[in-house]
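Here are the chains, one letter per residue:
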Amino acid sequence: MADSKTATLTFDDKSIELPVRSPSAGPEVIDIGKLYAQGGVFTHDPGFTSTSSCESEITFIDGDKGELLHRGYPIDQLAAKSHYLEVCYLLLYGELPTAAQLEDFEARVTNHTMVHEQMHNFFRGFRRDAHPMATMVGVVGAMSAFYHDSTDISDPWQREVASIRLIAKLPTIAAMAYKYSIGQPFVYPRNDLDYASNFLRMCFAVPAEEYIPDPILSRAMDRIFTLHADHEQNASTSTVRLAGSSGANPFACIAAGIACLWGPAHGGANQACLEMLREIGTPDQIPEYIARAKDKDDPFRLMGFGHRVYKNFDPRAKVMKESADEVLDLLGVENNPTLQVAKELERVALEDSYFVDKKLYPNVDFYSGIILDAMGFPTAMFTPIFALSRTVGWISQWKEMIADPKNKIGRPRQLYTGATYRDYVDIENR
Ligand code: CMC
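If you're wondering where the values come from, they're calculated on a predicted model, not measured in any experiment. (Residues numbered from 1 in each chain as written. Predicted model: local features only at pLDDT ≥ 70, side-chain atom pairs only at ≥ 80, totals over all residues. Heavy atoms only, no water.)

Student: How do you make sense of the nonpolar core when you look at a structure like this?
Tutor: Note on soluble globular proteins: their nonpolar side chains tend to be buried together. Membership of the largest hydrophobic core comes to 111 residues, with the highest contact counts inside it found for Phe199, Met221, Leu302 and Phe377. Ranked by the residues each element gives to this core, the list is headed by helix α7 (residues 156-181), at 13 residues. Leave out the neighbours within four places in its chain, and Phe377 touches Phe199, Leu200, Cys203, Phe204, Met221, Leu372, Phe382 and Ile385. (Core = buried A, V, L, I, M, F, W, Y, C linked by side-chain atoms within 4.5 Å. Buried < 20%, exposed > 50% of the residue type's maximum accessible area, 1.4 Å probe, protein only. Helix = DSSP H or I, 4+ residues; strand = E, 2+ residues; numbered from the N terminus. Contact = heavy atoms within 4.5 Å.)

Okay, structure coming up:
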């Protein structure tokens, strides 16, 4: 049904009628696509705080309620009842798979877990002490140099193959980046293992010993993947869409997404959060850090707190907190000092008027680092794990965009505040 509502924008002596679009959920959207053509003006919204950049059917967030839905299914149900590859299928194809569809999908992903052997040499060009995210940006970008047969974005079959390759190979690449950084040999994937167990094995096995993944740790790993799988139009996803809008190949687009994710305001927050919790050290230090977070003259922020969209609990943080308790119990890590600091910091912040008034709640990154640390991952691997989990979200959003006949190159405008026209001045006259 066509939307019939309009909004009227009045300025100077002009009055412009703008169509209002009704989403299936969330606030109504004023479509300003023709505003410049009709009124000769732009809108200005740095950080896109009030601007929708695309139409999407994949993920919905109600930030006030603290609700996250993938294709309509709430994240807590998916985290409890589903598993990562099933959620990947849901994000990519729109529906939960039947048993036969899931079996076929898992077989297709599993078939692609190895990387081109020559990529091993590519890794060896990096310094050993490179951050694994730096290595991943480079190696994932380089996939377009290794998999030419899936870079023609006008061919739906090639788009499909590229998607499966990315979902299948990102754990292998992340694990290789880790192994390279600690000077251990790369561990080839094992296709008889599930996705999470295979990743744990590629990270923690060594050729000299048998490695048997613990099913409870595999389940916790899988849940971390699931909780990070997609998050609608966040900075890295928007980066992937913008890169892809020019027709760039999917490997290059995902490399752009990884680069964007790395920042501490986004995916890099999980590393920054654990480092902050360790720096706080003991609960008695918390008031000092809370005071710093509130001080406008101090750039310090509570990492793992706050979100552009959630003005309530991040539903992923709730599941992550339960998972942290489970994993630490399993590993027999009683009285983990970092977990104690995290729980007390959360309690203090949620009672503090600064955080209450600004609606700053723990986000997904607040507890994930504690689990990953307990599993044996160094902090530098936290963001690569976020990146491999988010790959399915990026690729689903990219596929949706490419298949949309209304897709056009992303090209924002600007509010120019620089010098106006002036003539060139010869160097001797300056
Ligand atoms: N600690 C202290 N104050 C904060 C924090 C924080 N973590 N987050 C926001 N604020 C304050 C901020 O100073 C501002 O105050 P004022 O209105 O007085 O100027 C107000 O709250 C609004 O903040 P904002 O920066 O305008 O909000 P934003 O939507 O642009 O930023 C954010 C969202 C996630 C970047 C920010 O909350 C932040 O930097 N958090 C810490 C980093 C973090 O945990 N990031 C992970 C986000 S979830 C995973 C992901 O998406 O990757």
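Once you've had a look at it, read on.
Student: For this particular structure, what's the right way to read the sheet that holds strand β4 (residues 59-62)?
Tutor: In a beta sheet, neighbouring strands are held together by backbone hydrogen bonds and run either parallel or antiparallel to one another. Strand order in the open sheet made by the three strands is β4-β5-β6, with antiparallel pairing throughout. What marks the edges here is a single partner per strand, and that holds for β4 and β6 (73-74). Here strand β5 (residues 67-70) runs beside β6; their pairing, made up of two bridges, is antiparallel. Following the sheet pairing, Leu69 is matched in β6 by Pro74. (Pairing = 2+ DSSP bridges.)

Student: Can you walk me through the sheet that holds strand β2 (residues 14-21) in this structure?
Tutor: The three strands are arranged β1-β2-β3 in an open sheet whose pairing can be described as antiparallel. Only two strands of the sheet have a single partner each, and these edge strands are β1 (6-11) and β3 (29-30). Relative to β2, β1 runs antiparallel, the two sharing six bridges. The residue of β2 that forms the bridge with Thr8 is Glu17.

Student: What exactly am I supposed to notice about the site of the ligand here?
Tutor: In the vicinity of the ligand, 22 residues are found, and the nearest of them are His266, Leu302, Gly304, Arg308 and Lys358. A distance of 2.8 Å is found between an oxygen atom of the ligand and a backbone nitrogen or oxygen belonging to Gly304. Contact between the ligand and Tyr354: a nitrogen atom at 2.9 Å from a side-chain N or O atom of the residue. Starting from 940 Å² of accessible surface for the ligand in isolation, the protein chains cover 74%. Its residues placed into classes, the shell around the ligand shows 11 nonpolar, six polar and five charged. (Near = heavy atom within 4 Å. Polar contact = N/O pair within 3.5 Å; in protein donor to acceptor, adjacent residues only side chain to side chain. Areas by Shrake-Rupley, 256 points an atom, 1.4 Å probe, with all protein chains shown as cover. Nonpolar A, V, L, I, M, F, W, Y, C, P; charged D, E, K, R; others polar.)

Student: Whenever I open this one, a nonpolar patch on the surface confuses me. Can you help?
Tutor: On the surface, Ile216, Leu330, Leu331 and Val333 cluster together into a nonpolar patch covering about 270 Å² of accessible area. Of note, Leu331 is situated in the loop between α14 (315-330) and α15 (337-351). The partly exposed category is assigned to Leu331, whose relative accessible area is 34%. (Patch = residues over 30% accessible without salt bridge, like charges linked within 9 Å, V, L, I, M, F, W, Y side chains within 5 Å. Salt bridge = Lys/Arg side-chain N within 4 Å of Asp/Glu carboxyl O.)

Student: I tried to follow the packing of aromatic side chains on my own but got confused; where do I start?
Tutor: Note on aromatic pairs: each is described by the distance of the centres and the angle between the planes. One pass over the structure, following the stated rule, counts 21 aromatic pairs. Geometrically, the ring pair formed by Tyr178 and Phe204 is edge-to-face, given 6.3 Å between the ring centres and 75° between the ring planes. With a gap of 26 residues between them, Tyr178 in helix α7 and Phe204 in helix α8 (residues 195-204) connect regions that are remote in the sequence. Residue classification places Tyr178 among the buried residues on the basis of a relative accessible area of 8%. Centre to centre, the rings of Phe204 and Phe377 are 4.8 Å apart; their planes meet at 50°, and the pair counts as tilted. You can see Phe204 sitting in helix α8 and its partner Phe377 sitting in the loop between α17 (365-375) and α18 (382-403), a full 173 residues away along the chain. Classification of Phe377 by relative accessible area gives buried; the value is 2%. Grouping aromatic residues by their ring pairs yields a cluster made of Tyr84, Tyr178, Tyr195, Phe199, Phe204, Phe225 and Phe377. (Phe/Tyr/Trp six-rings, centres within 6.5 Å; stacked < 30°, edge-to-face > 60°.)

Student: What exactly am I supposed to notice about the packing of α14 against α17 here?
Tutor: Between two packed helices, both the angle of their axes relative to each other and the distance between the axes serve to describe the pair. Put simply, α14 and α17 touch, their axes get as near as 8 Å, and they point 25° apart. Taken together, α14 and α17 sit at an angle that is classed as roughly parallel. Note on packing geometry: the crossing formed by α14 with α17 is left-handed. Note on element contacts: α17 touches α14 through Tyr367, Ser368, Ile370, Ile371 and Ala374, opposite Ala317, Met320, Lys321, Ser323, Ala324, Val327 and Leu328. Its residues assigned to classes, the contact of α14 with α17 comprises nine nonpolar, two polar and one charged. (Axes fitted to C-alpha atoms, helices over the stretch in contact; angles between N-to-C directions. Parallel < 35°, antiparallel > 145°, perpendicular 65-115°, else oblique. Left-handed = near helix turned anticlockwise from the far one by under 90°.)

Student: Is there a simple way to explain the pairing of β2 in this structure?
Tutor: Consecutive residues of a regular strand have side chains that alternate between opposite faces of the sheet. Counted between consecutive antiparallel strands, the loop separating β1 from β2 contains two residues, among which Asp12 sits at a positive phi close to 45°. In the sheet, β2 pairs with β3 via two bridges, with the strands oriented antiparallel. Opposite Arg21, over in β3, you have Val29 as the bridge partner.

Student: Can you walk me through the pairing of β4 in this structure?
Tutor: Judged by which residues are buried, β4 turns out to be one-sided: Thr59 and Ile61 face inward and are buried, whereas Phe60 and Asp62, on the alternate face, are not. In this structure, the hairpin formed by β4 and β5 is closed by a connection of four residues, where Gly66 is found at a positive phi of approximately 75°.

Student: Mind showing me how you'd approach α18 here?
Tutor: An α-helical turn contains 3.6 residues, so a residue and the one three or four places further along point in the same direction. Over its 22 residues, α18 extends 32 Å from the first C-alpha to the last, a length consistent with the 32 Å expected when each residue adds 1.5 Å. With 21 of 22 residues buried, α18 lies mostly within the body of the structure. (Expected span 1.5 Å × (residues − 1).)

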